[in-house]
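Residue-level listing of the chains:
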Amino acid sequence: EARLAGLEPYRAMLAKAHSKSRDVAWTRGDGAELPFRTSTFDFATSQYSFHHVARKERMLREVRRVLRPGGRFVMTNIDPWAMQDAHLYRYFPEALEADRRDFATPEGIELLMKRAEFDRVEKTSKHARIVHEHAEQAGDNLFGLARHAPHPVVVIELLAQEAFQFKALRVH
């Protein structure tokens, strides 16, 4: 049985998260000072938020600390360098400039992760833009309302050294 924990620094967002996900043990805190014991988690994730983190390397070191041996960390974020033809950036070129200032490059993130003592870092570029289709084409499949079209998303997986010895992801 999996137990879920979430972290959010802002009270208002924490309340909203709690109201949407009551099965998650939400905690107020800073990613660079995780309020969890060492070797607590089998899996950790950061979804589209790394650009908001001021102390990025410190946050990654903290994630590494709270992972159990064989634990996995997956980070997902956009890659503004690989998506300069995205609609948003074509209509708002200043947004591309701002995102390139705010978002670390995939190579920069990889370097930070290695400095945070993640031994195996894998980068995967995925395309996942959701595009609306006509409802009559969807039939009974609600997921048919969306299809995937090219839009780069970087997924970075980090495995601790011990993960080479443990081939399966354990969730408690």
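Residues numbered from 1 in each chain as written. Predicted model: local features only at pLDDT ≥ 70, side-chain atom pairs only at ≥ 80, totals over all residues. Heavy atoms only, no water.

> Would you mind showing me how to read unusual backbone geometry here?
Most peptide bonds take the trans form, and the phi angle of most residues other than glycine is negative. The backbone of Tyr48 shows a phi angle near 55°, a positive value even though the residue is not glycine. Within the secondary structure, Tyr48 is located in the loop between strand S3 (41-47) and helix H2 (56-66). Residue classification places Tyr48 among the partly exposed positions, given a relative accessible area of 40%. Although it is not a glycine, Glu117 adopts a positive phi angle of roughly 75°. For Glu117, the position within the fold is in the loop between helix H5 (106-115) and strand S5 (120-132). (Helix = DSSP H or I, 4+ residues; strand = E, 2+ residues; numbered from the N terminus. Buried < 20%, exposed > 50% of the residue type's maximum accessible area, 1.4 Å probe, protein only.)

> Looking at this model, I keep getting lost on the pairing of strand S2 (residues 24-28). Mind explaining?
On any regular strand, side chains alternate: one points to one face of the sheet, the next to the other face. In this sheet, S2 lies alongside strand S1 (residues 4-8) in parallel orientation, the contact comprising five bridges. When the sheet's bridge partners are listed, Ala5 is paired in S2 with Ala25. (Pairing = 2+ DSSP bridges.)

> Can you help me understand helix H4 (residues 93-102) in this one?
Each turn of an α-helix holds 3.6 residues, which means side chains three or four residues apart point in the same direction. Those residues of H4 lying buried are Ala95, Leu96 and Asp99. Considered in projection along H4, the buried side chains sweep an arc of 100° and stay on one side of the axis. Away from its buried face by more than 90 degrees, H4 exposes Glu97 and Arg101. Of the surrounding elements, those touching the buried residues of H4 are strand S4 (67-78) and helix H3 (87-91). (Arc of directions from axis to C-beta. Contact = heavy atoms within 4.5 Å.)

> Just checking my understanding: could you explain the pairing of S3 for this structure?
Bridge count between S3 and S4: six bridges; the pairing is parallel. Paired with Phe41 across the strands is Leu67, a residue of S4. Once the chain exits S3 it traverses H2 before rejoining the sheet at S4, and the crossover so formed is right-handed. (Right-handed = clockwise from strand over helix to strand, strands pointing away.)

> Mind showing me how you'd approach a nonpolar patch on the surface here?
A contiguous nonpolar surface patch, about 360 Å² in accessible area, is contributed by Leu88, Tyr91 and Phe92. Here Phe92 shows up in the loop between H3 and H4. (Patch = residues over 30% accessible without salt bridge, like charges linked within 9 Å, V, L, I, M, F, W, Y side chains within 5 Å. Areas by Shrake-Rupley, 256 points an atom, 1.4 Å probe, with all protein chains shown as cover. Salt bridge = Lys/Arg side-chain N within 4 Å of Asp/Glu carboxyl O.)

> I'm lost on the pattern of salt bridges in this one. Help?
Pairing between side chains of opposite charge can happen when their charged atoms approach one another. For the structure shown, the criterion picks out 13 salt bridges. The salt bridge partner of Arg120 is Glu122, with a shortest N-O separation of 2.1 Å. A relative accessible area of 32% means that Arg120 is categorised as partly exposed. It is possible to trace a salt-bridge network through shared partners that takes in Asp30, Glu33, Arg55, Arg58, Glu62 and Arg65.

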